[in-house]
Amino acid sequence: MKGTRTWLLVCALHGVASMLLWWAGESALATLTWQSDHWQAQPWTLWTSAWVHRNTPHLIINQVALGVITGLAWVLRPSRLATLAWLLAWPLAQVTLLLWPQIGHAVGMSGLLHAAATVMAVELLLKRVPVEKARRWGLMLAAGLAVKLLVAQAWHQPVAWDNSNEISVVLAADLTGVVWALTLSLGLIAVRRVWPVRNARG
């Protein structure tokens, strides 16, 4: 239950911070936005950039998606390891965007939300949550994420123009969010399974 509470608190943080920053001035937003060429001078942007949104539709879409993730967490009750994996994926997914030189900056919660969905899928597939037919739901969620990534092909086209919202979308953020969340989720679970055995032997 502690993991679930932390997960829900993180969701609340994302939602409230995004709304507050919507009313912030341009200078404040610039200080909180991740820039590939000088993020080392502003390392906090690895976290805060997720709360910056370019226009109203961008904010609304991410807030609705965050609401879905919050609702899933309320039902699934993710473990502490799941929450830790999501928290660690937060900055790592952002900094990995350096793999694409054409990405000058990145804002919004899309990568973070994809990471959350990936962690949820792992929890379901491995039946780590008290949900009936967990593996079936996990397969559906994982398949949805896989199809979305295959359609976007962010490894070839990391940035795309969204005509409906009139903003550039960093598709690579979705990819890095999924990759890091999957890696961290499985890695932490593996370590957790091995650690008690080593302790017992010691």
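Report follows, based on the coordinates. Owing to the predicted nature of the structure, the values given are computational and were not obtained by experimental measurement.

Here is what the cut-offs are and how they apply
Residues numbered from 1 in each chain as written. Predicted model: local features only at pLDDT ≥ 70, side-chain atom pairs only at ≥ 80, totals over all residues. Heavy atoms only, no water. Helix = DSSP H or I, 4+ residues; strand = E, 2+ residues; numbered from the N terminus. Rg over C-alpha atoms; globule rule 2.2 N^0.38 Å. Buried < 20%, exposed > 50% of the residue type's maximum accessible area, 1.4 Å probe, protein only. Contact = heavy atoms within 4.5 Å. Lys, Arg positive; Asp, Glu negative; His and termini not counted. Charge placed at Lys NZ, Arg CZ, Asp CG, Glu CD. Axes fitted to C-alpha atoms, helices over the stretch in contact; angles between N-to-C directions. Parallel < 35°, antiparallel > 145°, perpendicular 65-115°, else oblique. Left-handed = near helix turned anticlockwise from the far one by under 90°. Nonpolar A, V, L, I, M, F, W, Y, C, P; charged D, E, K, R; others polar. Salt bridge = Lys/Arg side-chain N within 4 Å of Asp/Glu carboxyl O.

### Some words on the overall build of the protein chain
When helices and strands are counted, the protein chain shows eight helices and four strands. Each helix and strand of the protein chain, ordered N terminal to C terminal, gives the series α-α-β-α-α-α-β-α-α-β-β-α. Expected size for 202 residues packed as a compact globule is a radius of gyration near 17 Å; at 17 Å, the protein chain falls within 12% of this value. When the backbone C-alpha atoms are referred to their principal axes, the protein chain occupies close to 55 × 35 × 35 Å. Here the protein chain holds 202 residues, and the buried ones make up 45% of them. Long-range contacts, defined here as pairs at least 24 residues apart, represent 75% of the contacts in the protein chain between residues at least 6 apart. Counting 15 positive and 7 negative side-chain charges, the protein chain places the centres of these two groups 23 Å from one another.

### What to know about the packing of helix H5 (residues 80-95) against helix H6 (residues 110-125)
Where H5 meets H6, the closest approach of the two axes is 9 Å, and the angle between their N-to-C directions is 155 degrees. Of the possible angle classes, the one that applies to H5 and H6 is roughly antiparallel. In the packing of H5 onto H6, the handedness of the crossing is right-handed. The segment H5 lies against H6, with Ala 82, Ala 85, Trp 86, Ala 89 and Trp 90 engaging Leu 112, Ala 115, Ala 116, Val 119 and Glu 123. Of the residues contributing to the contact of H5 with H6, the split by class is nine nonpolar, no polar and one charged.

### Observations concerning the pattern of salt bridges
Tallied over the entire structure, the rule returns two salt bridges. Of the charged contacts, one joins Arg 128 and Glu 123 as a salt bridge, the two residues approaching to 2.9 Å between their closest N and O atoms. Residues Lys 148 and Asp 174 are paired through a salt bridge, measuring 3.4 Å at the closest nitrogen-oxygen approach. Taken together, the residues Lys 148 in helix H7 (residues 134-152) and Asp 174 in helix H8 (residues 171-201) connect sequence positions 26 residues apart. Among the residues examined, Asp 174 registers a relative accessible area of 4% and is labelled buried.

### Here we look at unusual backbone geometry
Unusually for a residue other than glycine, Arg 77 sits at a positive phi of about 55 degrees. Position of Arg 77 relative to the elements: it lies in the loop between helix H4 (56-76) and H5. For Arg 77, a relative accessible area of 37% puts it in the partly exposed group. The phi torsion at Gln 153 lies on the positive side, around 50 degrees, for a residue other than glycine.

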